[in-house]
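Notes for the structure review
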Amino acid sequence: MGTPASSRRTSAVNEDDLLDVSWWYYVDGLTQDQIAERLSVSRASVARMIDKARLAGIVQFRIAPKFLANYESAQNIKQAFGLRDIMVVPDMASEGQSMVDENTRLGTLAANVLLSELREGGTLGLGWGQAVSTVMSILDDEELEGIDLVSLTGGVNAYANAIRQVRSRGGNNSQSNIIPTPLYVSNPELASQLRKEETVKGALENARKVDVALTGIGGIGMESSLWRSGTSSEEDLQEVRESGAVGDLLAVFFDKDGSPVPLSRDACRIGIGMGALEQIPVVVAVAAGRAKHEAILAALKTKCIDVLVTDTATVDYLRDAIGPQVLAGS
């Protein structure tokens, strides 16, 4: 399938260079941007040098025993839900940090996951919402060289902003394919007609064929991207709550068992469904925070997710929610 995105176009460096970068980053606490400016290279190049230093044994890590319990829980949860992997950042709520800080940490981890999965000439499908936008703001154009970006639902403005964050930092030879409709249109008849239009039909087909998909997991509170963006109203939220839904993937709502919940607006929605999402080879979901715990648990039950990027507080919740007897039998 080609070379991993994280290893493309890496300049030859010697051990002294790797040692310098490692010292600046891990000991002096410089950011990757600061190191990149010092060396006159891209941030992506610095990130790859840090990874290379680790692989070469220049940098070594030890995990303190008190943190191993969280790691073991994550591995057990991975087995219980049939995940390929679960990637975890420390919970920041107890540290007095803002949600913006946590979103950035989650986004950085998710960006690294994507780079390990993507291959030049591949396609990355993008879901809708703040989590996806955060990840795209962290990835730079060089890292996505040769990767085509494809939207998984309608919602032109949201996708255009996410993709523009990457493309504005320099052109490359990849393409962007956005489904040219809103996420929701005004009535079912219009939605049906649009799905038959060649441009929309072709974009939906491309969305179903992506190699890797990136999505958030939506909750049902007013802080959800669907409501904060104005895409859905308070009346829509009321219907969602009365339906028994606990969360959504790509604006398809599901109950606590991970089963889709029918809503009146479903016929007006344009995008791939959960069946098509499940068929995508690698689906990376980014979500954390106590307000989304129930939605994350239910989303894992849909079997659509392959890699979950979350925080330790969510891992603790999942461990307690599914119970020791499930973990023991996983």
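First things first, this report covers the structure right here in the doc. Quantities reported herein were computed from a predicted structural model and do not represent experimental measurements.

1. Re the pattern of salt bridges
A full pass over the atoms with the stated rule returns seven salt bridges. Between D236 and R265 there is a salt bridge; the shortest N-O distance is 3.1 Å. One end of the pair, D236, is in helix 11 (residues 234-243); the other, R265, is in the loop between strand 7 (252-254) and helix 12 (274-279), and 29 residues separate them in sequence. Across the pair, R265 and D236 agree in class, each one buried. Because the salt bridges share partners, they merge into one network encompassing D316, R319 and D320.

2. Here we look at the environment of L124
Turning to its location among the elements, L124 is positioned in strand 2 (residues 123-126). Residue class for L124 comes out buried when judged on its relative accessible area of 0%. C-alpha of L124 to C-alpha of S151: the two residues are 27 residues apart in sequence and 8.5 Å apart in space. With near-sequence residues (within four places) excluded, L124 lies in contact with L114, L118, I147, D148, L149, V150, V210, V212, A213 and L214.

3. Observations regarding the nonpolar core
Counting residues in hydrophobic clusters, the biggest one holds 79 residues, and the most contacted among them are I217 and L277. Take this core: its biggest share by element is seven residues, from helix 5 (residues 99-117). Residues contacting L277, with those up to four places away along its chain left out, are L152, A213, L249, L250, I272, V283 and C304. Counting 11 residues, the second largest nonpolar core, distinct from the first, contains L18, L30, V46 and V59.

4. Some words on the packing of aromatic side chains
Under the defined criterion, the tally for this structure stands at one aromatic pair. Measuring from ring centre to ring centre gives 4.9 Å for Y25 and Y26, while their planes differ by 85°; the resulting arrangement is edge-to-face. Residue Y26 is classed as partly exposed on the basis of its relative accessible area of 36%. Positioned above the aromatic ring of W24, the side-chain terminus of R38 is 4.7 Å from the ring centre.

5. Considering unusual backbone geometry
If you check the backbone angles, S40 has positive phi at about 60° while not being a glycine. Its place among the elements puts S40 in the loop between helix 2 (32-39) and helix 3 (43-55). A positive phi is found at K303, a non-glycine position, where the angle reads about 70°. As for its position among the elements, K303 is in the loop between helix 13 (293-301) and strand 9 (307-311).

6. Overview of the packing of helix 2 against helix 3
Close contact between helix 2 and helix 3 brings their axes to 8 Å; oriented N to C, the two are set at 105°. Relative to helix 3, the element helix 2 lies roughly perpendicular. Residue-level inspection shows Q32, D33, I35 and A36 of helix 2 in contact with helix 3, the latter providing R43, V46, A47 and I50.

7. Let's talk about a nonpolar patch on the surface
Taken together, the side chains of W23, Y26, V27 and F61 define a hydrophobic patch exposed on the protein surface, amounting to about 450 Å² of accessible area. In this fold, V27 is placed in helix 1 (residues 15-27).

8. Quick look at the environment of L249
Inspection of the secondary structure puts L249 in strand 6 (residues 247-249). What makes L249 buried here is its relative accessible area of 0%. Separated by 28 residues in the primary sequence, L249 and L277 have C-alpha atoms spaced 9.1 Å apart. When neighbours within four sequence positions are excluded, L249 is seen to be in contact with T215, G216, I217, F254, M274, L277, A299, T302 and C304.

9. Observations regarding the packing of helix 1 against helix 2
The contact between helix 1 and helix 2 brings their axes to 10 Å, and the two run at 145°. Of the two elements, helix 1 crosses helix 2, and the hand of that crossing is right-handed. Contact residues: V21, W24 and Y25 in helix 1; Q32, I35, R38 and L39 in helix 2. In terms of residue class, the contact of helix 1 with helix 2 is built from five nonpolar, one polar and one charged.

10. Overview of the environment of K52
For K52, the location among the structural elements is in helix 3. Look at K52 and you get partly exposed, because its relative accessible area is 37%. Residues K52 and E15, spaced 37 residues apart in sequence, show a C-alpha to C-alpha distance of 9.7 Å.

11. So, the pairing of strand 5 (residues 212-216)
Within strand 5, five of the five residues are buried, leaving the element largely enclosed by the surrounding structure. Covered by surrounding structure in strand 5 are V212, L214 and G216 together with A213 and T215, the residues of both alternating faces. Pairing between strand 2 and strand 5: three bridges, direction parallel. Its bridge partner being in strand 5, L126 is matched across the sheet by L214. With five bridges joining them, strand 5 and strand 8 (residues 282-286) adopt parallel strand pairing. Of the residues in strand 8, the one forming a bridge with V212 is V282.

Rules used throughout
- Residues numbered from 1 in each chain as written.
- Predicted model: local features only at pLDDT ≥ 70, side-chain atom pairs only at ≥ 80, totals over all residues.
- Heavy atoms only, no water.
- Salt bridge = Lys/Arg side-chain N within 4 Å of Asp/Glu carboxyl O.
- Helix = DSSP H or I, 4+ residues; strand = E, 2+ residues; numbered from the N terminus.
- Buried < 20%, exposed > 50% of the residue type's maximum accessible area, 1.4 Å probe, protein only.
- Contact = heavy atoms within 4.5 Å.
- Core = buried A, V, L, I, M, F, W, Y, C linked by side-chain atoms within 4.5 Å.
- Phe/Tyr/Trp six-rings, centres within 6.5 Å; stacked < 30°, edge-to-face > 60°.
- Lys NZ or Arg CZ within 6 Å of the ring centre and 35° of its normal.
- Axes fitted to C-alpha atoms, helices over the stretch in contact; angles between N-to-C directions.
- Parallel < 35°, antiparallel > 145°, perpendicular 65-115°, else oblique.
- Patch = residues over 30% accessible without salt bridge, like charges linked within 9 Å, V, L, I, M, F, W, Y side chains within 5 Å.
- Areas by Shrake-Rupley, 256 points an atom, 1.4 Å probe, with all protein chains shown as cover.
- Left-handed = near helix turned anticlockwise from the far one by under 90°.
- Nonpolar A, V, L, I, M, F, W, Y, C, P; charged D, E, K, R; others polar.
- Pairing = 2+ DSSP bridges.

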